Amino acid sequence: MRDVSEDHVAKIQAEWRAERPDIDVSPVGVIGRLHRVANHLTAELTLFYAKYGLTEGEFDVLAALRRAGSPYERAPGEIALHTMVTTGAVTKRVDRLEQAGLVDRRRSDADGRGRVVRLTPAGLRLIDQAYAAHMANERRLLEDLTPDQTAVLEEILTSWLERIELTNG
């Protein structure tokens, strides 16, 4: 294992300790490393989505529709909830996916004024193929961790995220 004192974040902490010994810089050890890990993961995932001709947001929309189960459709507001973006962002993503023939829109059976977005057969094939490969890619990204480390990290992040989301509404 690498000497942690040699990493980028440790160097930043050392510089701050020298310049501002009156401030506890230990939070940078966690937050800085999480931020760097997130940046690396985002870069890896973005490259992966591009292999399927998708952006991260488009992948999220297709995945949200696929998780809905047959007939693989949701209202735009529901997609926003399942992708954690605004309805405006969903509209832009759906527009691009519709142009690519991966989704279509139709009037809601429940509310004739409302619209629903549905995977097309091509969209279903693409997300099924991409999701299987996505899970293999995520396993690859975690392969440097032991199963025990992965479980502990998941538990810590779950608990922390839960508290953050409760606090921030």
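On a predicted model such as this, the values are computed, not experimentally measured, just so you know.

Caption draft 1: Spotlight on the environment of A132. Along the chain, the position of A132 falls in helix α6 (residues 121-142). Given the relative accessible area of 48%, A132 is considered partly exposed. In this structure, the C-alpha to C-alpha distance between A132 and G32, residues 100 residues apart in sequence, is 31 Å.

Caption draft 2: How the structure looks around α6. With 22 residues, α6 should reach 32 Å at 1.5 Å per residue; the first-to-last C-alpha distance of 32 Å fits that figure. Inspection of α6 places G123, L126, I127, A130, H134 and N137 among the buried residues, and these make up the whole buried set. Mapping the buried residues of α6 onto a view down its axis gives an arc of 95°, with all of them on the same face. Away from its buried face by more than 90 degrees, α6 exposes P121, R125, Q129 and R139. Summarising the contacts, the buried residues of α6 are in contact with α2 (26-51), α3 (56-67) and β3 (115-119).

Caption draft 3: Quick look at the domain arrangement of the protein chain. Per the domain assignment, the segments of the protein chain are domain 1 (1-52) and domain 2 (53-168). With centres defined by C-alpha atoms, the gap from domain 1 to domain 2 works out at 28 Å. With eleven residues of domain 1 at the interface, the matching set in domain 2 holds 16 residues. Of the roughly 1,200 Å² buried where domain 1 meets domain 2, counting both sides, 68% is carbon and sulfur surface.

Conventions and cut-offs
Residues numbered from 1 in each chain as written. Predicted model: local features only at pLDDT ≥ 70, side-chain atom pairs only at ≥ 80, totals over all residues. Heavy atoms only, no water. Helix = DSSP H or I, 4+ residues; strand = E, 2+ residues; numbered from the N terminus. Buried < 20%, exposed > 50% of the residue type's maximum accessible area, 1.4 Å probe, protein only. Expected span 1.5 Å × (residues − 1). Arc of directions from axis to C-beta. Contact = heavy atoms within 4.5 Å. Domains from an automatic or database assignment. Buried area = accessible area lost by both parts, 1.4 Å probe.

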